[in-house]
Amino acid sequence: MDPVRNPYAPGAGQRPPELAGRDRQLAAFDVVLERVARGRPERSVMLTGLRGVGKTVLLNQLRSAARSRGWGTGKLEARPDQELRRPLSSALHMAVRSIAVSHRNPEQVDDFLGILKAFALRSTADKGMRERWNPGIDVPAVTGRADSGDIEIDLVELLLEAAQLARDCGVGIALFIDELQDLGPADISAMCGACHELSQDAAPLIVVGAGLPHLPAVLSASKSYSERLFSYHRIDRLDRDSADQALIAPAEREDVKYAEAALDALYQKADGYPYFVQAYGKATWDVAAQSPVTAEDVAVAAPAAEEELAVGFFGSRYERATPAEREYMRAMAELAGDEGPVPTASVAKHLERKPASLSPARDGLIKKGLIYSAERGTIGFTVPHFGRYLRGVQ
């Protein structure tokens, strides 16, 4: 079949042609938006799951839903080596710019922009000019609001001011933060505290975060009330019907059908993980001679899909690890069996090492986002089927 017409799109954060299996999360977010619009208190939202399950895609879809209601939105990706102030300031500036045109009082908008500028510059005051934030805000920084230097105080003041601006415009603001678990402890604590204040004030501003499975534990370690502060949604693999829909719907728009045996084979290969569904679907389309696509087409295409995954999805991550970290991951892979988390004590026993001597390797892998602390005393891969890949690496 014509590869130019191939509808499948395996990519980092790239929206698939058919967003299947996420109706429940989308409907729940519509309720959040409507409740906030009516002045009802509502919790911010947290999406958690392994890599490749579509958290970023869903985050972007939720942002589109907020935009369609006229909300101001901004998005940032947290990084372990970056403080929150600068990227959050840019995201909030983007959100406010989109709603400020409907505000009745331009001077009040300028006042907020001055507060935003002061908040951002507070983190860069001691840095060289090359590192100073250049937000494109022409008004002077306002002193005395959101500029104390204490991120926990400043973030609350800033977001409450932003929420008041949104309230005056009759809309809401939504901030979308990807890789939320990578924020530093002080920034995580400040975010929890700010969301708590916003919820108590029934403010029209919410935070929508996405992160790895241990994100709830990270938030809970910062603030004991965080398990009640956010609405958590675990994003997992697709069930069979949803995985089939993700393949069938785009193909039908190109007048292509699948034999049932082909769908059976594709689900077995992809195991319901959205990224894998797209990768195997794309490879199968490219080798199929005609419609309907058959199980034989899937068998021929599978090696090409697996090679691409081995290089781009698995291999690129494996190459980032040091020799000691690779040894640690191989031990995890040999113990994981069905890919589930394994006890750290078992890894140490398998390597015939003391647990304390393995801490640098384990901590390095966590910082690189390759493994996560699933529960106390256990560790798991952030990437589905990574253990299977490692067991095949020589």
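Residues numbered from 1 in each chain as written. Predicted model: local features only at pLDDT ≥ 70, side-chain atom pairs only at ≥ 80, totals over all residues. Heavy atoms only, no water.

By the naming in an unreviewed UniProt entry, the protein is ATP-binding protein, taken from Nocardia uniformis.

Domain parsing of the protein yields domain 1 (22-234), domain 2 (238-318) and domain 3 (321-392). Between the C-alpha centres of domain 1 and domain 3 the distance comes to 33 Å. Each partner contributes residues to the interface: domain 1 has 5 residues there, and domain 3 has 7 residues. Counting the surface lost from both domain 1 and domain 3, the interface buries some 600 Å², and carbon and sulfur atoms represent 66% of this. When the buried surface of domain 1 facing domain 3 is broken down by residue, Leu50, Arg51 and His214 rank first, second and third, together holding 69% of it. In this assembly, domain 1 and domain 3 are joined by 2 residue pairs in polar contact (both at pLDDT 80 or more). By residue class, the composition of the side of domain 1 that touches domain 3 is 3 nonpolar, 1 polar and 1 charged. (Domains from an automatic or database assignment. Contact = heavy atoms within 4.5 Å. Buried area = accessible area lost by both parts, 1.4 Å probe. Polar contact = N/O pair within 3.5 Å; in protein donor to acceptor, adjacent residues only side chain to side chain. Nonpolar A, V, L, I, M, F, W, Y, C, P; charged D, E, K, R; others polar.)

Within this structure's numbering, the places UniProt gives as "domain: Cytochrome c" (unreviewed entry) are residues 167-333. As annotated, residues 167-333 comprises 63% helix and 11% strand, and the C-alpha atoms at either end are separated by 51 Å. (UniProt positions renumbered as here; feature names shortened; annotations may be inferred. Helix = DSSP H or I, 4+ residues; strand = E, 2+ residues; numbered from the N terminus.)

Before going further, it helps to examine helix 9 (residues 240-252). With 13 residues, helix 9 extends 18 Å between its outermost C-alpha atoms, agreeing within 8% with the 18 Å of an ideal straight helix rising 1.5 Å per residue. For helix 9, the full list of buried residues reads Ser242, Ala243, Asp244, Ala246, Leu247, Ala249, Pro250 and Ala251. Taken together, the buried residues of helix 9 touch helix 10 (260-270) and helix 11 (274-287). (Expected span 1.5 Å × (residues − 1). Buried < 20%, exposed > 50% of the residue type's maximum accessible area, 1.4 Å probe, protein only.)

Now for the side chain of Arg51. By the element assignment, Arg51 lies in the loop between strand 1 (44-48) and helix 2 (55-68). Separated by 3.4 Å, the side chain of Arg51 and the backbone oxygen of Gly369 make a polar contact. Contact partners of Arg51, with chain neighbours within four places excluded, come to Glu179, Gln181, Leu212, Phe313, Arg317, Gly369, Thr382, Val383 and Pro384.

Turning next to unusual backbone geometry. Note on backbone geometry: most residues besides glycine have negative phi, and most peptide bonds are trans. Residues Ser291 and Pro292 are joined by a peptide bond in cis, for which omega reads 0 degrees. Phi at Ala146 takes a positive value of approximately 60 degrees, unusual for a residue other than glycine. By the secondary structure assignment, Ala146 is in the loop between helix 4 (106-121) and helix 5 (151-169).

The residue Gln278 is located in helix 11 in this model. Non-local contacts of Gln278, meaning those with residues more than four positions away in its chain, are made with Tyr8, Ala9, Pro10, Pro16, Pro17 and Ala246.

One open sheet holds the 5 strands; their spatial order is 2-3-4-1-5, and the pairing between them is parallel. Two strands bound the open sheet, and with one partner strand each, they are strand 2 (72-77) and strand 5 (230-234). The sheet shows a mean angle of 15 degrees between the axes of neighbouring strands, taken without regard to direction. Bridge analysis of strand 3 (residues 173-178) against strand 4 (residues 205-211) gives 5 bridges, and the strand direction is parallel. Each residue of the ladder has a partner; that of Ile173, found in strand 4, is Leu205. (Pairing = 2+ DSSP bridges. Axes fitted to C-alpha atoms, helices over the stretch in contact; angles between N-to-C directions.)

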